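Read off the chains here:
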Protein chains: 2
Amino acid sequence: MSKAKLRAATVGGSADDIESAFYDALQKGDLDKLMACWADEDDVVCVHPGGPRLVGASAIRAAFESMFANGTIQARPTRVCKVESLTSAMHNLIEQVEVMMPDGPRQATVLATNVYHRTPQGWRMVVHHASPGTPQEIQEGMDGTQVLH
Amino acid sequence: MSKAKLRAATVGGSADDIESAFYDALQKGDLDKLMACWADEDDVVCVHPGGPRLVGASAIRAAFESMFANGTIQARPTRVCKVESLTSAMHNLIEQVEVMMPDGPRQATVLATNVYHRTPQGWRMVVHHASPGTPQEIQEGMDGTQVLH
């Protein structure tokens, strides 16, 4: 099976479907499913909260591999703002992340911009830029989490 | 009308032109020029380093107005990573920002994702997500700043 067919078989559908697959892969620690969400472009970029920018699939894969070695990432996307065109979708959202601390699980809030392009292989992620949330987003989360997918 | 003439008739030109106009407006404190860069969409998003997310033109305008009341923003885009399609452009870049401190100017490093969509009005910004740079980006800046526009 060709690389393109293999990818198409793994993840398909809309930008929303790719976003769901991305967060599902984080929650399950599924590195192959996670990497299948990304576009086959040299300049895809990933920024984890407080981390350096990672450019290209190899750097992104290595960082997620290290993270998964410490466990899965229980991040849920909420309050998604979208600007969509025929071939691109910009999603900005608030991630509610359950972090394991010595005294039990704690909730962290992260601001993330995810951008998807419609490529010959289907919709694919071209950037995931995440940064720490502020008291405003934490308050929004407490006001009642609106999970959109 | 030919495609070339149609392009010439649209305001602003390419995504790169809008990006140049955005940083020029920051450097000059030109609020109207800055706001003209944004798409006419409810869900455009702006995140300043360490700040909350601002959704919609009114919130974004008010935040920049407050910032300009304290002076202009001397931010220069460098080391731009791009993933482009016919109607969308994702730029991730390192901003070198000159910040005035009591003992003189200091250089700050910011990581920014800027996304542009080709709209009926021309190319327009749909998100500006900025977060503090890390030692990696500061080092890259010291290695020789590569200004791409």
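The structure under discussion appears in the preceding block.
This one's a predicted model, so the numbers in the text were calculated from it and none came from an experiment. Once a new chain begins, its residue numbering starts again from 1 and follows that chain's sequence as written. Chains carry letters from A onward and ligands carry numbers from 1 onward, assigned in written order. For a predicted model such as this one, the threshold for reporting local features is a pLDDT of at least 70, and the threshold for listing and counting side-chain atom pairs is 80 or more; totals across whole chains, interfaces and linings nevertheless cover every residue. Excluded from the side-chain calculation are hydrogens and water; included are all heavy atoms of the structure.

Q: Could you clarify how one ought to interpret the sheet that holds strand β4 (residues 88-101) of chain A in this entry?
A: Across a sheet, paired strands are connected by hydrogen bonds in the backbone, their directions being either parallel or antiparallel. Residue and element names in this part refer to chain A. Any two strands between which DSSP finds at least two bridges are classified as paired. Secondary structure elements follow DSSP: runs of H or I no shorter than four residues count as helices, runs of E no shorter than two count as strands, and numbering proceeds from the N terminus. Spatially, β2-β1-β6-β5-β4-β3 is the arrangement adopted by the six strands of the open sheet, whose pairing is mixed. Lying at the two open borders of the sheet, with one neighbouring strand each, are β2 (53-55) and β3 (74-84). For this sheet, the mean angle separating the axes of adjacent strands, direction not counted, is 25°. In this sheet, β2 lies alongside strand β1 (residues 45-47) in antiparallel orientation, the contact comprising three bridges. Its bridge partner lying in β2, V45 is registered against V55. Its contacts with the sheet place helix α2 (residues 15-28) against β3, β4, β5 (104-119) and β6 (122-132), and it is angled at close to 165° to β3. By definition in these notes, contact holds between two residues if any of their heavy atoms fall within 4.5 Å. Working convention: axes come from line fits to C-alpha atoms, limited for helices to the stretch in contact. Angles between N-to-C directions cover 0 to 180 degrees. Relative to β2, helix α4 (residues 57-69) is tilted by about 125°, and along the sheet it contacts β1 and β2.

Q: Looking at this model, I keep getting lost on α2(A). Mind explaining?
A: Structurally, the α-helix is built with 3.6 residues per turn, so residues lying three or four positions apart point the same way. All names here are of chain A. The span one expects for a helix is its residue count, reduced by one, times 1.5 Å. A rise of 1.5 Å per residue sets the reference length of α2, with its 14 residues, at 20 Å; its end C-alpha atoms lie 20 Å apart and thus fit the reference within 8%. Relative accessible area decides the class of each residue, using a 1.4 Å probe on protein chains only: under 20% of the type maximum gives buried, over 50% gives exposed, and in between gives partly exposed. Among all positions of α2, only A15, I18, E19, A21, F22, Y23, D24, A25 and L26 are buried. Looking at the buried positions of α2, the neighbouring elements they touch are α3 (31-35), α4, β3, β4, β5 and β6. Counted as a polar contact is a pair of N or O atoms within 3.5 Å, where, for protein atoms, one must be capable of donating a hydrogen and the other of accepting one, and residues adjacent in sequence contribute only when both atoms are in side chains. The N-cap of α2, judged by a side-chain oxygen 3.3 Å from the amide nitrogen of D16 a few residues on, is S14. Following α2 by one or two positions, G29 adopts a phi angle in the positive range, close to 65°.

Q: Please explain the pattern of salt bridges as it appears in this structure.
A: Note that side chains of opposite charge can pair when their charged atoms are close. The salt bridge criterion pairs a side-chain nitrogen of Lys or Arg with a carboxyl oxygen of Asp or Glu, the two atoms within 4 Å. One pass over the full model with this rule turns up 10 salt bridges over all chains. Between K33(B) and D24(B) there is a salt bridge, with the nearest N and O atoms lying 2.5 Å from each other. Overlapping salt bridges, with partners in common, bring together D24(A), K28(A) and K33(A) in one network.

Q: Looking at this structure, I do not really get the interface of chain B and chain A. What am I missing?
A: Contact residues are listed per partner, giving 35 residues for chain B and 35 residues for chain A. Of all residues in chain B, the largest losses of buried area upon contact with chain A belong to R53(B), V83(B) and H129(B), amounting jointly to 26% of the total for that side. At the boundary of chain B and chain A, one finds zero salt bridges. Across the contact surface, chain B and chain A share 18 residue pairs in polar contact (both at pLDDT 80 or more). Those elements that place two or more of their residues in the side of chain B that touches chain A are β1 (45-47), β2 (53-55), β3 (74-84), β4 (88-101), β5 (104-119), β6 (122-132) and α5 (135-142) of chain B. Here the side of chain B that touches chain A is built from residues that sort into 15 nonpolar, 12 polar and eight charged. Accessible area that two parts lose when put together, evaluated with a 1.4 Å probe and summed over both, is termed the buried area. Residues are grouped as follows: nonpolar covers Ala, Val, Leu, Ile, Met, Phe, Trp, Tyr, Cys and Pro; charged covers Asp, Glu, Lys and Arg; every other residue, Gly included, is treated as polar.

Q: Just checking my understanding: could you explain the relation of the copies chain B and chain A for this structure?
A: When the copies are superposed, the least-squares fit draws on C-alpha atoms of residues that have pLDDT of at least 70 in both. When chain B is brought onto chain A, the operation consists of a screw motion whose angular component is 180° and whose axial shift is 0.0 Å, with 0.0 Å RMSD remaining. Taken together, the turn and the small shift mark the pair as related by a two-fold rotation axis. Most of the interface of chain B is mirrored in chain A, where 100% of its interface residues again form contacts.

Q: For this particular structure, what's the right way to read the pairing of β3(A)?
A: Side chains on a regular strand alternate between the two faces of the sheet. Residues and elements named next belong to chain A. Relative to β4, β3 is paired through nine bridges, and the arrangement is antiparallel. Bridging from a neighbouring strand, K82 pairs with H91 of β4. With antiparallel pairing between neighbouring strands as the criterion, β3 and β4 make up a hairpin whose turn holds three residues.

Remember that the coordinates give geometry; whether it matters functionally is a separate question.
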